[in-house]
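What follows is the residue order along each chain.
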Amino acid sequence: MDDKRLQNEFDGYFGGAKLPEGLTADAKAQVKPRKKRGSLKWFLRLAPVAIALVAVVTAAVVFFPRFSVGGNIPDEVPGGQQSAGGSGGAGGSGGYSYLSLAELQANSEDPYSFDMEGMEFAKTLSYASNAAVELTAYYGDGAVKVVRADISLINGQYRHDAVVYAEYTNENTRIGELTDYLSGDGRTYRGREYILNTDYDMGEQIYKIYIEAGGIKYYMSVETAESDGYLLYLRLLEKYFEKI
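A short tour of the structure in this document, coming up. Treat the numbers as computed from the prediction; the structure is a model and nothing was measured. (Residues numbered from 1 in each chain as written. Predicted model: local features only at pLDDT ≥ 70, side-chain atom pairs only at ≥ 80, totals over all residues. Heavy atoms only, no water.)

**Quick notes on the overall build of the chain**
Turning to step 1, where the next piece is worked out: Counting secondary structure elements, the chain contains 6 helices and 10 strands.
Turning to step 2, where the next piece is worked out: Of the contacts formed within the chain by residues at least 6 apart in sequence, a portion of 59% connects residues at least 24 apart.
Turning to step 3, where the next piece is worked out: Carbon together with sulfur atoms contributes 53% to the accessible area of the chain, which is approximately 13300 Å² in total. (Helix = DSSP H or I, 4+ residues; strand = E, 2+ residues; numbered from the N terminus. Contact = heavy atoms within 4.5 Å. Areas by Shrake-Rupley, 256 points an atom, 1.4 Å probe, with all protein chains shown as cover.)

Right, dumping it as structure tokens:
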């Protein structure tokens, strides 16, 4: 697909939004992605609590060995879910196994040449004059498990800073750091169910979305002052809605 065709495809995603005169030409230089911005800020804020919890659990194992492996206490997994039984949010029932991004091998990828089904939109955005994309792929057992896209773009009068995770694990596996996306308000877009959470940071709305499309699990964090600006990213995924 040549550059002109990619640009035309990208322009269609924005539903005819018109940029102010002179803005598009300079946009590429102005929309550099923020370096690994706060999609996991909640996780970092909980780090002191997690350390304290580890200390308590360690002490319990030392002084009360009957509660160690083999006891009757069910194993806890990230997000407050249990390893068996109970609710697993939008992802269904429990019984999942969990991976951590820290366990995987991170590698920076070129969005112009990175070829991964379900991530074609990253290449399209890379060719657009009003967007910038950085890609990081996380590898495990010789295969891509997760791809992270850091996106900055200008849509009309609004700047967007977004992080999109595409998870390529099987239906029984989750990424532990992303489980907070799995509970929230249930919504429907073009017949596809998704989960939405909202928050604020420095006066801007932060939308957090979980959706499955084409057999891929997508986790999206979108920071923008544009009302319902996250819908732009659901449009980017529409082509995958009918794929199983």
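Alright, that's what it looks like, and here's the rest.
**Brief notes about the packing of aromatic side chains**
Turning to step 1, where the next piece is worked out: The full count for this structure, using the stated rule, is 7 aromatic pairs.
Turning to step 2, where the next piece is worked out: Ring centres 6.1 Å apart and planes at 55° place the aromatic pair Y194 and Y230 in the tilted group. Of this pair, Y194 sits in strand β8 (residues 192-201) while Y230 sits in the loop between β10 (216-224) and α6 (231-236); the two residues are 36 residues apart in sequence, bridging distant segments of the chain.
Turning to step 3, where the next piece is worked out: By relative accessible area, which is 5% here, Y194 ends up buried.
Turning to step 4, where the next piece is worked out: Under the relative-accessibility criterion, Y230 is labelled buried at 2%.
Turning to step 5, where the next piece is worked out: Relative to Y230, the ring of Y207 has its centre 5.0 Å away and its plane inclined at 40°; by these criteria the two rings are tilted. (Phe/Tyr/Trp six-rings, centres within 6.5 Å; stacked < 30°, edge-to-face > 60°. Buried < 20%, exposed > 50% of the residue type's maximum accessible area, 1.4 Å probe, protein only.)

**Things to note about the pattern of salt bridges**
Turning to step 1, where the next piece is worked out: Under the defined criterion, the tally for this structure stands at 5 salt bridges.
Turning to step 2, where the next piece is worked out: The residue D150 makes a salt bridge to R148 at a minimum N-O spacing of 2.9 Å. For the pair formed by D150 and R148, the shared burial category is buried.
Turning to step 3, where the next piece is worked out: The salt bridge partner of K208 is D180, with a shortest N-O separation of 2.5 Å. Here K208, found in strand β9 (residues 204-213), pairs with D180, found in the loop between β6 (173-175) and β7 (185-189); they are 28 residues apart in sequence, far enough to count as distant. (Salt bridge = Lys/Arg side-chain N within 4 Å of Asp/Glu carboxyl O.)

**A look at the sheet that holds strand β4 (residues 143-155)**
Turning to step 1, where the next piece is worked out: Spatially, 8 strands are ordered β2-β3-β4-β5-β10-β9-β8-β7 in an open sheet, and the strand pairing comes out antiparallel. In this open sheet, the two strands that pair with only one neighbour each are β2 (105-109) and β7. Averaged over neighbouring strand pairs, the angle between their axes works out to 25° when direction is ignored.
Turning to step 2, where the next piece is worked out: Relative to β4, strand β3 (residues 131-140) runs antiparallel, the two being bridged by 10 bridges. (Pairing = 2+ DSSP bridges. Axes fitted to C-alpha atoms, helices over the stretch in contact; angles between N-to-C directions.)

**So, the pairing of β9**
Turning to step 1, where the next piece is worked out: Along β9, 8 of the 10 residues are buried, which leaves the element largely enclosed by surrounding structure.
Turning to step 2, where the next piece is worked out: Sheet topology note: the β8/β9 ladder contains 8 bridges and is antiparallel. Across the sheet, the residue bridging to D199 is I206, located in β9.
Turning to step 3, where the next piece is worked out: Two successive antiparallel strands, β8 and β9, enclose a turn made up of 2 residues, where M202 displays a positive phi of approximately 55°.
Turning to step 4, where the next piece is worked out: Where β9 lies against β10, 9 bridges are found, and the strand directions are antiparallel. When the bridges of β10 are listed, E212 appears paired with K217.

**Digging into the environment of E117**
Turning to step 1, where the next piece is worked out: Looking at the element boundaries, E117 is found in the loop between β2 and α5 (120-127).
Turning to step 2, where the next piece is worked out: On the accessibility criterion, E117 (52% relative accessible area) is exposed.
Turning to step 3, where the next piece is worked out: Placed 123 residues apart in sequence, E117 and Y240 show a C-alpha to C-alpha distance of 9.5 Å.

So yeah, pure geometry; function would need other evidence.
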